[in-house]
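Overview (structure and organization)
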Amino acid sequence: MAPAKKRKSRGLKTKAGDSLEKFRPVVAYAPSPMIMADRAGTIVLANARAEELFGYAPGELGGRKIEALVPPRFRDAHPAHRGKFHEAPSERAMGAGRDLYGARKDGSEVPVEIGLNPVKTAEGDFVLASIVDITERKALEKRLSQTETLAAVGGMAAAVAHEIRNPLGSIVMGAKALARGDLRPDDLKSVMSVLVGESGRLNRTLEDFLQFARPREPKLQSGDLNATTREVLAAVKSDPVIAGKVVVEERLDRKLPPAPFDPDLIRQVLWNVIRNGFQALNGKGRLEIRTEALPGKVLVRVSDTGPGIAADRLEKVFLPFYTTKTKGTGLGLSISRNILVAHGGELSIESEPGRGTRVDISLPLSRQR
Ligand SMILES: Nc1ncnc2c1ncn2[C@@H]1O[C@H](COP(=O)(O)OP(=O)(O)OP(=O)(O)O)[C@@H](O)[C@H]1O
Ligand SMILES: [Mg+2]
């Protein structure tokens, strides 16, 4: 592990010749809880705010061990942390990246943030701890994350209901018509195709939702991205409604090296991105698909000459359920990006309104974690 970066103390300017007395007013009149302790962990100065925070009477903290303020489960390890700090003293946040708690006199705990400053004096080395009570911030964070979760669940439920209601409605109507038993052969055929088509759509929607809610780990195997791209392009183009009169240019790099990817998942990404391109073109214009070998990665670039995406909408296209299409779930790009991230790759979009959109999908040549 790399050694922690040492920062020069910018807080307190101290000289080895300063006396501890100099710090008494600094600590006493500080607007927030402050405690100063010696190398042995004995509290030499504590202001009223610190005593209040930890539930001690005025003057009661002085002379106690700093470990009295550490919750029992972390207490044993604390002297070692203290020792390390004095070996390489620097201004730093205590317990960076971990949730810190202080222990009150009555045994209750308070979430805190602690900044440590080394202080050299004529009487020896000390550490000045400035403490912030983050009880309210923690409570707010918790409420926010609960609200966000609820909002996400609500959004998901509404979208699921909406996506399921349409095909289900068609299926119910078709089934009723069949039940009446008076359909002419031609109508019978079209009702049957509605039933098959709409139940397929239902199935795909549910699969999308599941993939979004519980993305699966990619099963990597060395594969030819050109072949996968070609295959998906052919499948999308085979739908005449989608393909229309769009001119498709296929520029696949013949020297593209094999890359590790999950063919099913990458097919899903390409399917969505290529379909998005065709859908944007609405039957006319040009769609270019190229592959390219770049240092350490392979790239598939899908460019269309469609209407493009305005800057304020571009930020939203990766949001789940964001769609401008009547039959879209708006999950395509968020699932696609998640899949790429799980591969250690990237998916990015550039767009110029009125000129078109370019989507870059890149996959690393070796597995990066
Ligand atoms: N090539 C593109 N040109 C213009 N707009 C695009 C393009 N690709 C995506 N978008 C915009 O981004 C939105 C989100 O795309 P995304 O693929 O996530 O969902 P969707 O295509 O609407 O629905 P789904 O993919 O779930 O069927 C689209 O509705 C569209 O507004
Ligand atoms: Mg899409």
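Residues numbered from 1 in each chain as written. Chains lettered and ligands numbered in written order. Predicted model: local features only at pLDDT ≥ 70, side-chain atom pairs only at ≥ 80, totals over all residues. Heavy atoms only, no water.

Points about the environment of asparagine 338
In plain terms, the rule: Runs of H or I in DSSP of at least four residues are treated as helices and runs of E of at least two as strands, each being numbered from the N terminus. For the exposure calls, accessible area comes from a 1.4 Å probe over protein chains only, and a residue counts as buried if that area is under 20% of its type's maximum, exposed if over 50%, partly exposed in between.
The topology assignment puts asparagine 338 in helix α11 (residues 332–342). Asparagine 338 gets classed as partly exposed once you look at its relative accessible area, which sits at 37%. Considered as a pair, asparagine 338 and leucine 195 are 143 residues apart in the sequence and their alpha carbons are 32 Å apart.

Here's the deal with the coordination of the magnesium ion (ligand 2)
Quick reminder of the rule: Only nitrogen, oxygen and sulfur atoms within 2.8 Å of the metal, or 3.2 Å for Na, K and Ca, are treated as donors, and water is left out, so sites may look incomplete.
Protein-derived ligands of the magnesium ion (ligand 2) are Asn272 (OD1) and Asn276 (OD1), with the metal-ligand distances lying across 2.2 to 2.3 Å. Of this pair, asparagine 272 and asparagine 276 both sit in helix α9 (residues 263–281), four residues apart, which is roughly one turn of that helix.

As for the side chain of arginine 201
This is how it is decided: Residue contacts follow a heavy-atom distance rule, with two residues in contact if any of their heavy atoms lie within 4.5 Å.
With respect to the element layout, arginine 201 can be found in helix α6 (residues 185–213). Overall, the relative accessible area of 16% leaves arginine 201 in the buried class. Here arginine 201 is in contact with Asn166, Pro167 and Lys327, once residues within four sequence places are set aside.

Considerations on the pairing of strand β6 (residues 124–133)
Operational definition: Strand pairing is defined by DSSP finding a minimum of two bridges between the two strands.
By the bridge criterion, five bridges tie strand β1 (residues 34–38) to β6 in an arrangement that is antiparallel. Following the sheet pairing, methionine 36 is matched in β6 by leucine 128. Here strand β5 (residues 109–121) runs beside β6; their pairing, made up of 10 bridges, is antiparallel. In the strand pairing of β6, valine 112 is matched with aspartate 133. Remark: two residues form the turn of the hairpin made by β5 and β6, two consecutive strands paired antiparallel.

Let's talk about the domain arrangement of the protein
Under the convention used in this document: What counts as a domain boundary in this text is fixed by an automatic or database domain assignment.
The domain architecture assigned to the protein consists of domain 1 (20–133), domain 2 (139–213) and domain 3 (221–364). Computed over C-alpha atoms, the centres of domain 1 and domain 2 are 59 Å apart.

Here we look at a nonpolar patch on the surface
Convention followed: Grouping into patches uses exposed residues only, defined as over 30% relative accessible area, and leaves out salt-bridged ones; the cut-off is 9 Å for like charges and 5 Å for nonpolar side chains (Val, Leu, Ile, Met, Phe, Trp, Tyr). Note on areas: Shrake-Rupley, 1.4 Å probe, and residue coverage restricted to the protein chains presented here. Every case where a carboxyl oxygen of Asp or Glu lies within 4 Å of a side-chain nitrogen of Lys or Arg is listed as a salt bridge.
Taken together, the side chains of Leu178, Leu188 and Met192 define a hydrophobic patch exposed on the protein surface, amounting to about 230 Å² of accessible area. Tracing the backbone through its elements, the reader meets methionine 192 in helix α6. Exposure remark for methionine 192: the relative accessible area of 42% places this residue in the partly exposed category.

A word on the environment of arginine 358
Along the polypeptide, arginine 358 turns up in strand β13 (residues 356–364). Once the C-alpha coordinates of arginine 358 and isoleucine 43 are considered, the two residues, 315 residues apart in sequence, prove to be 62 Å apart.

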